[in-house]
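Here is what each chain is made of, one letter per residue.
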Amino acid sequence: MSLPAPVAEEFVEGNFLGLPEQGGTPDIVILQVPYELTTSYGQGTALGPSACIEASGQVELFDPILGEDLPAGYKIKTAEPWNGEGGNLRKQLDGISNYLAPWFDGHKFPVILGGEHGILPSIINAAGGHPLVNGDFSQLTLVQIDAHADLRQELNGEPFSHACAASRAMDFGLKHLYQVGIRAFSKHEYERIQSDDDVTTFFASDIHSSSNSSWGSWIETLTSIEGPVHLTIDIDGLDGSLVPATGTPVPGGLTFWQIIETIQELFSASKATVISMDVNEIVPQKDTPLTQFTAAMIATKGIIHHIDNRRNGKWADTSEDNNIQNNHVFDKNYFEKL
Ligand SMILES: [Mn+2]
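These lines cover the structure that appears in this document, whether it is placed above or below.

Our next topic: the overall build of the protein chain. Scanning the protein chain from N- to C-terminus turns up ten helices and eight strands. Relative to a compact globule of 338 residues, whose C-alpha radius of gyration would be 20 Å, the protein chain shows 18 Å and is just as compact. With the principal axes as the frame, the protein chain shows a C-alpha extent of 50 × 50 × 45 Å. Burial status across the protein chain gives 52% buried among its 338 residues. Of the contacts formed within the protein chain by residues at least 6 apart in sequence, a portion of 75% connects residues at least 24 apart.

Structure below.
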């Protein structure tokens, strides 16, 4: 299927939303991590980020939240993709962290496109350098939209499998993990969800309960979050009908509007600051761009809410805050040494 004419007036191929590059320090940076090593079922997550960029050319630039077309006076940069270098899985995870780390400077808002969910520990490692985290991971909350709990200790002997993404992220000693949309998990994962005080899970079955939906409770939970937050969106958290090309599509997921409402409520939470987000497990769909377009719309919503945060003073630029002594020492070989 050929795509209709792009939305942006001056359309630049290869740039998110087709927006032309602006000079100066970017406010928002689009980072592509075409990483695929352990995806168990589908294939093609390595091609996901570029497919998402291409599909983003069809996303409307206008949203009533901002009242004007994107970039709405802000600078959105599409960075060169991660180059994929690294002789083994751990070197690749370090390579991804090294690629991401410079953008977590407290001024820029990184929007990371994946790539399989196995990139999450690399993202968290890089987020440690953000001035609001400053190496103290117990400040950082992780919010995860996903079909899978991703809380396995290992899959087929590999502790850095995408099926272990949330476990490896929590290994950093994060403040808390909030998950929503979960509907595929092992007995071990279920037991951890029940017993680990640092993990709160909203199962898709409870969200969709017609008599006693937990949706209101999820929204309330989001509004109560405090401090820096990373939002990780595995697009298989959406119902499989919306993202059929993702690595492991699962029926019974969240609706598109539930994802949008989650983004809105999290960015609006009065005591929380969303410092970064990722949209991962994007796989290009061939007969229709639905999967990659859905991912592009979700990433765009995050950008819109981030800009809204900047406008209403909710995003404090911490890159030149003299009160923050950034003593975090970023380890370029963190994963290799584990
Ligand atoms: Mn996942």
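Next, the rest of the story.
Below, the discussion takes up the nonpolar core. Counting residues in hydrophobic clusters, the biggest one holds 94 residues, and the most contacted among them are Leu31, Leu100, Val111, Leu113 and Leu266. Of all the elements, helix 9 (residues 290-311) adds the most residues to this core, at eight residues. Setting aside its immediate chain neighbours within four residues, Leu31 contacts Ala79, Leu100, Trp103, Pro110, Val111, Ile112 and Leu113.

This next bit is on the sheet that holds strand 4 (residues 141-145). With parallel pairing, eight strands are arranged side by side in an open sheet as 2-1-3-8-7-4-5-6. Each end of this open sheet is capped by a strand with a single partner; those strands are strand 2 (76-78) and strand 6 (199-203). Between one strand axis and the next, the sheet turns by 20° as a mean value, whatever way the strands run. Here strand 7 (residues 227-234) pairs with strand 8 (residues 272-280) via eight bridges, running parallel. Pairing of His230 across the sheet is with Ser276, part of strand 8. Against the sheet, helix 3 (residues 120-127) touches strand 3 (109-114), strand 7 and strand 8, its axis set at about 160° to strand 7.

We now examine the environment of Trp103. Its place among the elements puts Trp103 in the loop between helix 2 (89-100) and strand 3. Each C-alpha atom, one on Trp103 and one on Gly57, is 24 Å from the other, the two residues being 46 residues apart in sequence.

Let us look at the packing of helix 1 (residues 48-56) against helix 9. Across the interface, helix 1 lies against helix 9 with an axial gap of 8 Å and an inter-helix angle of 75°. Here helix 9 runs roughly perpendicular to helix 1, going by the angle between their axes. Contact residues: helix 1 offers Gly48, Ala51, Cys52, Ala55 and Ser56, while helix 9 offers Gln292, Phe293, Ala295, Ala296 and Thr300. Across the contact of helix 1 with helix 9, the residue classes tally to six nonpolar, four polar and no charged.

A few words now on the pairing of strand 3. Most of strand 3 sits out of view: six of its six residues are buried. Because side chains alternate across strand 3, one face comprises the buried residues Phe109, Val111 and Leu113, and the other comprises Pro110, Ile112 and Gly114, equally buried. In this sheet, strand 3 lies alongside strand 1 (residues 28-33) in parallel orientation, the contact comprising six bridges. Bridging across to strand 3, Ile28 finds its partner in Phe109. Pairing analysis gives three bridges linking strand 3 to strand 8, with the strands arranged parallel. Of the residues in strand 8, the one forming a bridge with Leu113 is Val279.

Turning to unusual backbone geometry, a few remarks are in order. Leu70 connects to Pro71 through a cis peptide bond whose omega is 10°. Mapped onto the secondary structure, Pro71 falls in the loop between helix 1 and strand 2. The phi angle at Ala72 is positive, at roughly 55°, despite the residue not being glycine. On the secondary structure map, Ala72 appears in the loop between helix 1 and strand 2. According to the C-beta neighbour criterion, Ala72 is partly exposed, with 19 such atoms within 10 Å. A positive phi angle, close to 55°, is found at Asp150, a residue other than glycine. Among the structural elements, Asp150 can be located in the loop between strand 4 and helix 4 (165-170). We classify Asp150 as buried; it has 29 C-beta atoms within 10 Å.

Take Ile259: it is sitting in helix 8 (residues 256-268). A C-alpha to C-alpha distance of 7.6 Å links Ile259 and Leu238, two positions 21 residues apart in sequence. Apart from the residues lying within four places of it in its own chain, the contact partners of Ile259 are Ile145, Leu238, Leu254 and Ile298.

Calculation criteria
Residues numbered from 1 in each chain as written. Predicted model: local features only at pLDDT ≥ 70, side-chain atom pairs only at ≥ 80, totals over all residues. Helix = DSSP H or I, 4+ residues; strand = E, 2+ residues; numbered from the N terminus. Rg over C-alpha atoms; globule rule 2.2 N^0.38 Å. Buried ≥ 20, exposed ≤ 12 C-beta atoms within 10 Å, placed from the backbone. Contact = placed C-beta atoms within 7 Å. Core = buried A, V, L, I, M, F, W, Y, C linked by C-beta atoms within 7 Å. Pairing = 2+ DSSP bridges. Axes fitted to C-alpha atoms, helices over the stretch in contact; angles between N-to-C directions. Parallel < 35°, antiparallel > 145°, perpendicular 65-115°, else oblique. Nonpolar A, V, L, I, M, F, W, Y, C, P; charged D, E, K, R; others polar.

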